[in-house]
Every structure is written in structure tokens, then in C-alpha cells.
Amino acid sequence: MGVIGERLVRELQGLSCMPFNESEPERQSIQVTRSFGVKLKSFDDIAQAVSVHATRLGEKLRSRKLVTPAIYVFCRNSPFSSTEVYYKGTSIMEFDTYTNNTSVLIKGALAALRHAFRPGFTYHAAGVGAWDLTQEGAKKQKQMLSDHPTPMIITTNNTQKNIALNVAIDKLNQLNGKDTVFFASSGIKPRHVTKQLMRSPRFTTRWDELARVV
């Protein structure tokens, strides 16, 4: 079984071979991506998906007390399509300061999507990402992340009012369930939701899916 198998045997015998980390290492980047439940052509449908991804990105950043100087967006069709050439559009939108404000992330993501989206393709997936992350309140000089001579900059408007709004939304969603409160740009009845017809039962997180013994 090789070295890995020998380590496993020793671990099962009570001999520690791999160090245990009590704290998660600091993230350098975070991505939120998802394939669509149905293939989409409309910019508005894809924009709703990107808005949801930007919302999740903001939640992840705030839960780790991280901020980002920019947001990256991509949208693509299927690389296995026999009816159209493969296309993957990407774009970056920078912020004037580091942020984890959901409304700002959505604004930047939708602005970037307008540059990445090309009509005429049947899109299969989209996603957003953030990198060069730093802790909230850390004094770090913001670097230009784009090679474009005139990078696109979004004003963050990180006011105490906006910060308090994000905290309130996070608490409501934690107490009452995901998306109890959400931004309208995410759509009321989005078409991009991933199909879960073949999902395994969620025995450990859903009471109504617990295994029954009769």
C-alpha cells in the first residue's frame, strides 16, 4: 500500500503520523462557481446566477473577516458541445478599497459580466472569485491587479450603514435559513438553480431524510 497505507495503519493503531491543525490556514483566494440547472442564453438569467454567487462570496469573506480588492467573473458554455465552439468569457472589476460588502460585490460582478458575456452562446456555468485577500482592518497598500491601462474601478462606499446592513442580513439568514433576505438582483424565481435529482440522502442534516428501520 506504500507510504500512505503504512501511515494509515499506524494512525489506526494510535500512532500520530500527520499533524492536526486546529485552525484553518488563512485563505488567499475564494471562488464560488456552479453549473446551471438548465442551459441559459439570456444575460438577465446569467446575471441572476452571478448575483447569487457574489452574495455567497460576500458571506464567505465576512465569516472569515476577509476583504478583497477586486472580483473576477467568468461565464462559459459546455466544452463538450457539438453545436457551438467553446467560449469562456472572463473579466475583472477592481474596487477603490478592500471590501466584503455584498451590494458592492454584486455591483462589481454584474459590471464584469457585461464585459465577459457574449450573445449567441448557450451558457452552461458561471462563477465569481476573489484573491489577494487580507484581514478586515489590516493596513495593506492596494495594488492594481489588471494590466489594462485604464482599469475599471468600482466605488466601495464602505459606510457604517452598509456594514450594519450586511451584519443584519447575515444574522437573519443564519437564524431563519439561507436566502430569507436576499438582493432582488438574484431573482425571485431563478432558472439557473442546479438540478439535484441524483443527490444522495442528507441523513445528517435533514430530519425528513433520516433512514428508517422497520
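Whatever comes next refers back to the structure up there.
So, how was this worked out
The numbering scheme is per chain: residues are counted from 1 as the chain's sequence reads. The model is predicted, so local features are restricted to residues of pLDDT at least 70 and side-chain atom pairs to those at 80 or more, both for listing and for counting; the totals for chains, interfaces and linings are taken over all residues. For the side-chain quantities, the full set of heavy atoms in the structure was used; hydrogens and water were omitted. Only rings of Phe, Tyr and Trp enter the pairing, Trp through its six-membered ring, and a pair is recorded when the two centres are within 6.5 Å. The plane angle decides the type: under 30 degrees is stacked, over 60 is edge-to-face, the rest tilted. Only runs of H or I of at least four residues qualify as helices and only runs of E of at least two qualify as strands under DSSP, and these elements are numbered from the N terminus. The rule is simple: take the accessible area with a 1.4 Å probe, protein chains only, and divide by the maximum for that residue type; under 20% is buried, over 50% is exposed, in between is partly exposed. What counts as an axis is a line fitted to C-alpha atoms, over the stretch in contact for a helix, and the angles between N-to-C directions run from 0 to 180 degrees. Relative orientations are named as follows: roughly parallel for angles under 35 degrees, roughly antiparallel for angles over 145 degrees, roughly perpendicular for angles from 65 to 115 degrees, and oblique for any other angle. In this scheme the handedness of a crossing depends on how the near helix is turned from the far one: anticlockwise by less than a right angle means left-handed, clockwise means right-handed. Working rule for contacts: check all heavy atoms of both residues, and any pair within 4.5 Å makes them a contact. All amino acids are sorted into three groups, where Ala, Val, Leu, Ile, Met, Phe, Trp, Tyr, Cys and Pro are nonpolar, Asp, Glu, Lys and Arg are charged, and the leftover types, Gly among them, are polar. Two strands pair if DSSP finds at least two bridges between them.

Draft legend 1. Examining the packing of aromatic side chains more closely. Applying the stated rule across the entire model yields 6 aromatic pairs. Taken together, a centroid distance of 6.4 Å and an interplanar angle of 75 degrees make the contact between Tyr87 and Tyr123 edge-to-face. Of this pair, Tyr87 sits in the loop between strand S2 (66-77) and strand S3 (88-99) while Tyr123 sits in strand S4 (residues 123-131), and the two are 36 residues apart along the sequence. For the pair Tyr87 and Tyr123, one class covers both residues: buried. An aromatic cluster is present here, built from Phe43, Tyr87, Phe117, Phe121 and Tyr123 joined pairwise through their rings.

Draft legend 2. Quick look at the packing of helix H2 (residues 43-63) against helix H3 (residues 102-116). At a minimum axis separation of 8 Å, H2 and H3 run at an interaxial angle of 140 degrees. By the angle between their axes, H2 is oblique relative to H3. Here H2 runs over H3; the crossing is right-handed. Contacts between H2 and H3 involve Phe43, Ile46, Ala47, Val50, Ser51, Ala54, Thr55, Leu57, Gly58, Leu61 and Arg62 on the former and, on the latter, Thr102, Leu105, Ile106, Ala109, Leu110, Leu113 and Arg114. Grouping the amino acids of the contact of H2 with H3 by side-chain chemistry returns 12 nonpolar, 4 polar and 2 charged.

Draft legend 3. Spotlight on the pairing of S3. The sheet contact formed by S2 and S3 spans 8 bridges and is antiparallel. Following the sheet pairing, Phe74 is matched in S3 by Thr90. Bridge analysis of S3 against strand S6 (residues 153-154) gives 2 bridges, and the strand direction is parallel. Looking at S6, one finds that Glu94 is bridged to Ile153.

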